[in-house]
Amino acid sequence: MATDSTPQDVRADAAADTAYAVGWPAIDQLHAECDACLATLERATPAEQVDALALLFSHLLDHFGAEEALMQASDYPRFDCHKREHDAVLRVVARVRPLCEAGDHNIPVRLATEFPQWFGVHASTMDAALAAWLREQSAAPDTPA
Ligand SMILES: [Fe+2]
Ligand SMILES: [Fe+2]
């Protein structure tokens, strides 16, 4: 089995079972992919870190964008608060890449080890609340025609 991962491999290999599962399959898949991107970054050699950071950032744009689309499509009442947290994380991750390119190979490792702490809290609070809202909305009876 090859040990080098491409972005497509990471996405394809990501299983739906994850420590960050919230019980909404589309979000659980994104969380499994996020976990895989973090593992790729954690394992990256210094020469691989910039690509691994790009992979994580690209994933986060998709991940957060998909959750925000679900919120907007369902008129989620806490959209602004949730999006603010996504945006703050994107700003942090974006700042790591230029530092890594300038030769700081410790900061991507710190990101890979510290990100899961934030992710665990975010998934179990904001994302879990979103999943509960989506379940509630999908269980609601259809409006009569
Ligand atoms: Fe999420
Ligand atoms: Fe989220």
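Our subject is the structure that appears above.
Residues numbered from 1 in each chain as written. Chains lettered and ligands numbered in written order. Predicted model: local features only at pLDDT ≥ 70, side-chain atom pairs only at ≥ 80, totals over all residues.

Could you give an account of the environment of Cys 34, naming the residues involved and the relevant values?
Turning to its location among the elements, Cys 34 is positioned in helix 2 (residues 25-43). Residues Cys 34 and His 59, spaced 25 residues apart in sequence, show a C-alpha to C-alpha distance of 6.8 Å. Contact partners of Cys 34, with chain neighbours within four places excluded, come to His 59, His 63 and Phe 119. (Helix = DSSP H or I, 4+ residues; strand = E, 2+ residues; numbered from the N terminus. Contact = placed C-beta atoms within 7 Å.)

Tell me about helix 2, and name the residues and values.
Here helix 2 contains 19 residues, and its C-alpha end-to-end distance of 27 Å stays within 8% of the 27 Å for a straight helix at 1.5 Å per residue. All of the buried residues in helix 2 are Ile 27, Asp 28, Leu 30, His 31, Ala 32, Glu 33, Cys 34, Ala 36, Cys 37, Thr 40 and Leu 41. (Expected span 1.5 Å × (residues − 1). Buried ≥ 20, exposed ≤ 12 C-beta atoms within 10 Å, placed from the backbone.)

So what's going on with the packing of helix 4 (residues 79-101) against helix 5 (residues 107-139)? Which residues, and what values?
Taken N-terminus to C-terminus, the directions of helix 4 and helix 5 make an angle of 170°; their axes are 12 Å apart at the nearest point. Overall, the two elements helix 4 and helix 5 adopt an arrangement that is roughly antiparallel. Within the contact between the two elements, helix 4 uses His 82, Glu 85, Val 89, Val 93, Val 96, Leu 99 and Cys 100 and helix 5 uses Ile 107, Pro 108, Leu 111, Trp 118, His 122, Met 126 and Leu 130. When its residues are assigned to classes, the contact of helix 4 with helix 5 shows 11 nonpolar, 2 polar and 1 charged. (Axes fitted to C-alpha atoms, helices over the stretch in contact; angles between N-to-C directions. Parallel < 35°, antiparallel > 145°, perpendicular 65-115°, else oblique. Nonpolar A, V, L, I, M, F, W, Y, C, P; charged D, E, K, R; others polar.)

Help me get a handle on the packing of helix 2 against helix 5, residues and values and all.
For the pair helix 2 and helix 5, the least separation of the axes is 9 Å and the interaxial angle reads 170°. Accordingly, the angle class assigned to the pair helix 2 and helix 5 is roughly antiparallel. Side by side, helix 2 and helix 5 meet where Ile 27, His 31, Cys 34, Leu 38, Leu 41 and Glu 42 of the first sit next to Pro 108, Leu 111, Ala 112, Thr 113, Phe 115, Pro 116, Phe 119, Ala 123, Asp 127 and Ala 131 of the second. Residues of the contact of helix 2 with helix 5, tallied by class, amount to 12 nonpolar, 2 polar and 2 charged.

I'd like a description of unusual backbone geometry, backed by residues and values.
One non-glycine residue, Asp 75, adopts positive backbone phi at about 55°. Here Asp 75 lies in the loop between helix 3 (49-73) and helix 4. Here Asp 75 falls in the exposed class, since 9 other C-beta atoms lie within 10 Å of it.

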